[in-house]
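Chains, contacts and geometry: an overview
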Amino acid sequence: MVKEMIINYVKDYHTMSVMVADIIEDLIAPTPGTHNLPHIKLGLPTGGTPIGMYKSLVERNLTWSAVTTFNLDEYIDIDPDHPESYTNFMWRRLHMYTNIKEENIRFPNLNYDDEIQKAGGLDLTILGLGSNGHIAFNEPFTPFNSTTRIVNLAQQTIKDNSRFFDSIDDVPTQAITMGLKTIMSSKEIIMMVHGEHKRDALVKAIWGKTTPDVPASILKEHENVRVFYCD
Ligand code: PGA
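Here's what I pulled together on the structure shown here. Given the structure is predicted, the values throughout are model-derived calculations rather than measurements.

Looking now at the overall build of the protein. Per the secondary structure count, the protein includes seven helices and ten strands. In terms of overall dimensions, the protein is globule-like: its C-alpha atoms have a radius of gyration of 17 Å, near the 17 Å expected for 231 residues. In terms of principal-axis extent, the alpha carbons of the protein reach across some 50 × 40 × 35 Å. Counting over 231 residues, the protein shows a buried share of 50%. Nonlocal contacts in the protein, meaning residues at least 24 apart in sequence, comprise 79% of its contacts between residues at least 6 apart. Charged side chains in the protein number 21 positive and 30 negative. The centres of these two groups are separated by 5 Å.

Moving on: the site of the ligand. Residues in close proximity to the ligand include G47, G48, T49, G128, L129, G130, H134, R163 and K198, which together make up its full environment. Between the ligand and the protein, one listed contact pairs an oxygen atom with a side-chain N or O atom of H134 at 2.7 Å. At 2.8 Å, a side-chain N or O of K198 approaches an oxygen atom of the ligand. For the ligand, the accessible surface in isolation is 280 Å², of which the surrounding protein chains cover 85%.

The set of residues buried in helix α2 (residues 51–59) consists of G52, M53, Y54, S56 and L57. For α2, the secondary structure elements touched by its buried residues are α1 (13–28), β2 (40–44), α3 (86–93), β6 (124–127) and β9 (188–194). Once α2 ends, the next one or two residues include N61, with phi positive near 55 degrees.

Burial along β6 is two-sided: L124 and I126 and T125 and L127, pointing in opposite directions, are all buried. Relative to β6, β2 is paired through two bridges, and the arrangement is parallel. Along β6, the bridge assignment pairs G43 with T125. In terms of strand pairing, β6 meets β9 through four bridges, oriented parallel. Looking at the pairing, T125 lines up with I189 of β9.

This brings us to unusual backbone geometry. Unlike most non-glycine residues, N61 shows phi in positive territory, near 55 degrees. The phi dihedral of A136 falls on the positive side, at around 50 degrees, and the residue is not glycine. Mapped onto the elements of the fold, A136 is located in the loop between β6 and β7 (149–152).

Attention now moves to the layout of surface pockets. Of the pockets and cavities examined, the largest pocket occupies roughly 440 Å³. Around the largest pocket, the lining is made up of 24 residues, and of these G47, L129, H134, N161 and K198 lie nearest the centre. Take the lining of the largest pocket: its biggest share by element is three residues, from helix α5 (residues 155–161). Its residues assigned to classes, the lining of the largest pocket shows eight nonpolar, twelve polar and four charged.

In this section: empty space enclosed by the protein. Counted under the stated rule, the structure contains one cavity of 30 Å³ or more. Here the largest cavity defines a volume of roughly 30 Å³. Taken together, L57, V58, N61, L62, W64, Y97 and T98 make up the lining of the largest cavity. For the lining of the largest cavity, the per-class residue count stands at five nonpolar, two polar and no charged.

Moving on to the pattern of salt bridges. Tallied over the full model, the rule gives eight salt bridges. As a salt-bridge pair, D123 and K187 come within 3.1 Å of each other at their nearest N and O atoms. With D123 in the loop between α4 (112–118) and β6 and K187 in the loop between α6 (180–184) and β9, this pair connects stretches of sequence that are 64 residues apart. Note on D123: relative accessible area 12%, which makes it buried. We note a salt bridge from D231 to R199, for which the minimum N-O separation is 2.8 Å.

Reading guide: rules and limits
- Along each chain, numbering runs from 1 in the same order as the chain's sequence is written.
- Residue-level local features of this predicted model are given only where pLDDT is at least 70; pairs of side-chain atoms are given and counted only at 80 or more, and the full residue set underlies all totals for whole chains, interfaces and linings.
- To obtain the side-chain values, all non-hydrogen atoms of the structure were used and water was disregarded.
- Numbering of helices and strands runs from the N terminus; a helix is a DSSP stretch of H or I covering at least four residues, while a strand is a stretch of E covering at least two.
- Note that the radius of gyration is over C-alpha atoms, with the globule rule given as 2.2 Å times the number of residues to the power 0.38.
- Only protein chains enter the area calculation, which uses a 1.4 Å probe; residues under 20% of their type maximum are buried, those over 50% are exposed, and those in between are partly exposed.
- Residue contacts are defined here by distance: any two heavy atoms, one from each residue, within 4.5 Å place the two residues in contact.
- Asp and Glu are treated as the negative residues and Lys and Arg as the positive ones, with His and the ends of the chain left uncounted.
- Charge placement uses NZ in Lys and CZ in Arg. For Asp and Glu, CG and CD serve respectively.
- The nearness test applies per residue and asks whether one of its heavy atoms lies within 4 Å of the molecule or strand.
- For the purposes of these results, a polar contact is taken to be a pair of N or O atoms within 3.5 Å, where, inside protein, one atom must be able to donate a hydrogen and its partner to accept one; residues adjacent in sequence count only when each atom of the pair is a side-chain atom.
- The Shrake-Rupley method, run with a 1.4 Å probe sphere, supplies the accessible areas, and residue values consider only the shown protein chains as cover.
- Here, a strand pair is defined by DSSP locating no fewer than two bridges between the strands.
- Using protein atoms alone on a 1 Å grid, points that fit a 1.4 Å probe yet trap it form a cavity, whereas open point sets bounded by protein on both sides within 12 Å along at least five of seven lines form a pocket; residues with an atom within 4 Å of a point count as lining.
- Grid points are joined across faces, edges and corners, and a volume is the space filled by probe spheres set on the points.
- For this scheme, ten residues count as nonpolar: Ala, Val, Leu, Ile, Met, Phe, Trp, Tyr, Cys and Pro. Four count as charged, namely Asp, Glu, Lys and Arg, and the remainder, Gly too, count as polar.
- Note on definitions: salt bridges are taken to be side-chain nitrogens of Lys or Arg within 4 Å of carboxyl oxygens of Asp or Glu.

What is shown is where atoms sit, not what they do.
Here's what the structure looks like:
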């Protein structure tokens, strides 16, 4: 198995967003020379980083009828209609503008790994990177063989995500997240990283030791990972 991580240092956020949207467009487009749509399963993130990518995807008016989206994570004890629930985020940023089938919009539950496997596995998973090195809500010291489960959020994550809420006390303290093993089962992975405050975590993940202290460092063990970084 060839393990190769391709790192793209991109000039700005817009360019990064369009480049990743291009990759998704290529994957979900009809098979060349036909009208046949491939059944593509995407692992998708929320947060600040992917907003531009979703905007770019929406502008393209693509056909989503054969796509299934499996979100990486969702807060526990949050109303799906709450403006900051990830279900709501995805609806506002992507799903409402597409012809995706309702049954193909998936969020984590305790049978998620089986559901993903039954659907044929993830073709491409897009990740953000937490300033503490987390991917999805797999916080530092998560075992590499973890599957979908309920987790406590790290203090740093609660602090980072408080910018989306009125007060830090409103940030949920638990979430349900795909595990690291779930993410690593994806055929292809793209990690998007935006901002200088993520540099330390990125350097540790890519050039440091492969260790549960830095969950994203496990990506070095995958054979098909692309990283996009912009300041
Ligand atoms: P952000 O979050 O895109 O809001 O910075 C990334 C993450 O925590 O995975």
